[in-house]
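Residue-level listing of the chains:
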Amino acid sequence: MKVKDVLAIREKKQKEFENLQKLEKLFCNNKELAEEIADMAGCDIPLYMLFTEARMAYFEDISLLDEKIGNLEVPFGKEKVL
C-alpha cells in the first residue's frame, strides 16, 4: 500500500471523526433532542456513552493509520521527496 492511499483513508476517517464531534456537540447542547433520537432508535445505552466509544474507536483508527504512514517506505529516485 502506498502512502497516498493510506493518507486518503486517514483523511476520510478524520472527516468522519469531525462530523461525529459536531453531532456530539449538537446533542450536548440539546438534551431533549438527544433523548428523543435515542428513544426513536431504541438505543439501550446513553448517547454520551455511545459517542465516547465511537470517538475512541476513531482516535485509535487514526493513530494506527498515522503509524502505518510512518512505517511505509517512500521510494527514492523518480519521485521527488519533500
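The preceding data block contains the structure.
Here's what I pulled together on the structure shown here. (Residues numbered from 1 in each chain as written. Predicted model: local features only at pLDDT ≥ 70, side-chain atom pairs only at ≥ 80, totals over all residues. Heavy atoms only, no water.)

1. Comments concerning the packing of aromatic side chains
Stage number 1. Under the criterion given, the structure shown has two aromatic pairs.
Stage number 2. Ring plane angle 45 degrees and centroid distance 6.5 Å describe the contact between Phe 17 and Tyr 58, whose orientation is recorded as tilted. Here Phe 17, found in helix α1 (residues 3-29), pairs with Tyr 58, found in helix α3 (residues 47-71); they are 41 residues apart in sequence, far enough to count as distant.
Stage number 3. You can call Phe 17 buried: its relative accessible area is 12%.
Stage number 4. Ring geometry for Phe 27 versus Phe 51: centroids 5.8 Å apart, planes at 40 degrees, classification tilted. A residue pair is termed long-range when its members are at least 10 positions apart, and Phe 27 in helix α1 and Phe 51 in helix α3 qualify at 24 residues. (Phe/Tyr/Trp six-rings, centres within 6.5 Å; stacked < 30°, edge-to-face > 60°. Helix = DSSP H or I, 4+ residues; strand = E, 2+ residues; numbered from the N terminus. Buried < 20%, exposed > 50% of the residue type's maximum accessible area, 1.4 Å probe, protein only.)

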